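Listed below, chain by chain, are the residues.
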Amino acid sequence: MTPADEMELSEMVAAASGPLRIAGGGTRPIGRPSEGDTLSVARLSGVELYEPGALTLVVGAGTPVAEVERVLGEENQRLPFEPMDHRALLGTDGAPTIGGVVATNASGPRRIQAGACRDSLIGVRFVDGSGTRLKNGGRVMKNVTGYDLVKLMAGSYGTLGVLTEVSFKVLPAPAAQATVSLPGLSPAQAVEAMAVALGSPYEVSGAAHLPDADGGPVTLLRLEGFADSVAYRSGKLGDALKRFGAAHVEADSAEVAATWRAIRDVEAFAGTPGDVWRLSVKPSDGAEIAERTGGKVMFDWGGGLIWVLVPEGTDLRGRLGAFDGHATLVRASAETRAKLPVFQHEPEPLARLSRGLREKFDPRGILNPGLMG
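Each chain has its residues counted from 1, following the order in which its sequence is written. In keeping with the model being predicted, local features are shown solely for residues with a pLDDT of at least 70 and side-chain atom pairs are shown and tallied solely at 80 or more, while totals for entire chains, interfaces and linings include all residues. Side-chain numbers here rest on the full set of heavy atoms in the structure, without hydrogens or water.

**Section: helix α9 (residues 227-240)**
Next, step 1: End to end, α9 covers 20 Å across 14 residues, agreeing with the expected 20 Å (1.5 Å per residue, within 8%).
Next, step 2: Burial status follows relative accessibility: with a 1.4 Å probe on protein chains alone, a residue under 20% of its type maximum counts as buried, one over 50% as exposed, and anything between as partly exposed. Runs of H or I in DSSP of at least four residues are treated as helices and runs of E of at least two as strands, each being numbered from the N terminus. All of the buried residues in α9 are Val-230, Arg-233, Ser-234, Leu-237 and Gly-238. The buried residues of α9 occupy one face: seen down the axis, they fall within an arc of 135 degrees. Along α9, the residues that are exposed and aim more than 90 degrees away from the buried face are Asp-228, Ala-231 and Tyr-232.
Next, step 3: Residue contacts are counted whenever heavy atoms from the two residues lie within 4.5 Å of one another. Buried residues along α9 sit in contact with β10 (176-183), α8 (187-198), β11 (204-210), β12 (218-225) and β13 (248-250). One fewer than the residue count of a helix, multiplied by 1.5 Å, yields its expected span. Starting at the helix axis, one direction is taken to each C-beta atom, and the arc is that of these directions.

Laid out in structure tokens, this is it:
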């Protein structure tokens, strides 16, 4: 099922007699239910409105991310939240779509500075589970109509509606970037160093720790902006972190971009056997929780995001027990997914609210059923 426009999509959803699997480029099949017909938004593609001076962009949900980035790049602008590309990690191909980015709230290392995908999203159009066409938000940053619903659609994984159009605020791309690295730190030391860096006045836009990097553990901190400013802040940041060891500064733009792309896409775990989990935790708890996983880890967001590689079939939630945060199963076999839910069990008050929202927007329960179970 590949509708050519929003009206046809609405008619297809309204006429559906069973479950629907919502797809864009098919590159982020995290916990996608196996039953039902596939409903693709790939043809709902194209730039609807782009106003570089107003820093706003409106595109069809099926627009490839590469096309969005190309259009923005021609005006030296970018999506602020640095969307993750899941293809290497999940072993998928195809073209990631901007609707898939919104549906999964895919956000990269820059989240610590610029916020998540939902923080840049200012408007959506979608078709709910009854086939009703809905619009929320607007096409300018000052428009806050329907603010809460816009945010709800980001990260809803297609369970509240099928996105047809999304609107963003965008930002200028930086003229220069650099990575300040600290070798040899333990996870606890790295989390402390990242906290110092993020609490400094030097505008760090990326903070990651790779315990198993080639050459040994390394803590990485990114700075972006005008070339003179980046050079000055890199030196000052290195001085501020002297107690953690001598810092190295990498200022080659291609090298810096490749490093942070690898962190964004968790390339260290790509093609490696095992299940991959994503832990969202308090940064101050990161080192201790990472040790309890018993697997290979890498840290992003200053220690607040931990990617974990464990043997296939591992019940990581059971291994960790109670902790302040949540664990998401990102990559696993069909057998493991049959046993373990993708998302952390919600406390009953929150679960009740989530059920109420899904019943409101998808009363027949046909949009990606079972995904949130």
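**Details of unusual backbone geometry**
Next, step 1: Even without being glycine, Glu-82 reaches a positive phi, approximately 55 degrees.
Next, step 2: Considering the arrangement of structural elements, one finds Glu-82 in the loop between β5 (77-78) and α3 (87-90).
Next, step 3: Note on Glu-82: relative accessible area 10%, which makes it buried.
Next, step 4: In this structure, Trp-301 is a non-glycine residue whose phi angle is positive, near 50 degrees.

**Focus on the sheet that holds strand β7 (residues 133-137)**
Next, step 1: Pairing between two strands is assigned when DSSP locates at least 2 bridges connecting them. A sheet is described by the order of its strands in space; here 5 strands give the open sequence β3-β4-β8-β6-β7, paired in antiparallel fashion. Strands with a single pairing partner mark the edges of an open sheet, and in this sheet they are β3 (47-51) and β7. When the angles between neighbouring strand axes are averaged without regard to direction, this sheet yields 10 degrees.
Next, step 2: Here strand β6 (residues 121-127) pairs with strand β8 (residues 162-169) via 6 bridges, running antiparallel. Bridge assignment links Arg-125 to a residue of β8, and that residue is Glu-165.
Next, step 3: Each axis is a line fitted through C-alpha atoms, taken for helices only over the stretch in contact, and angles between the N-to-C directions span 0 to 180 degrees. Here helix α1 (residues 6-15) sits on the sheet in contact with β6, β7 and β8, set at roughly 55 degrees to β6.

**Let's talk about the nonpolar core**
Next, step 1: Within this scheme, the nonpolar core is defined by two criteria: the residues are buried Ala, Val, Leu, Ile, Met, Phe, Trp, Tyr or Cys, and they are joined through side-chain atoms within 4.5 Å. Val-166 and Phe-168 are the most contacted members of the largest nonpolar core, which totals 28 residues.
Next, step 2: At the level of elements, β4 (56-60), α2 (65-74), α4 (98-104), β6, α7 (147-153) and β8 are the ones that each hand at least two residues to this core.
Next, step 3: Residue contributions to this core peak at 4 residues, all from α2.
Next, step 4: Apart from residues lying up to four places away in sequence, Phe-168 is in contact with Leu-55, Thr-56, Leu-57, Leu-79, Phe-81, Ile-98, Val-102, Cys-117, Ser-120, Leu-121 and Ile-122.
Next, step 5: Among the nonpolar cores identified, the runner-up in size contains 19 residues, and Leu-89, Trp-260, Ile-263 and Trp-301 belong to it.

**With respect to the side chain of Glu-224**
Next, step 1: Note on placement: Glu-224 falls in strand β12.
Next, step 2: We classify Glu-224 as buried; its relative accessible area is 10%.
Next, step 3: Within the structure, the side chain of Glu-224 is placed 3.2 Å from the side chain of Arg-78, a separation counted as a polar contact.
Next, step 4: Setting aside residues no more than four positions away along its own chain, Glu-224 makes contact with Arg-78, Arg-110, Gln-113, Pro-174, Ala-176, Gln-177, Ser-205, Val-230 and Arg-233. Counted as a polar contact is a pair of N or O atoms within 3.5 Å, where, for protein atoms, one must be capable of donating a hydrogen and the other of accepting one, and residues adjacent in sequence contribute only when both atoms are in side chains.

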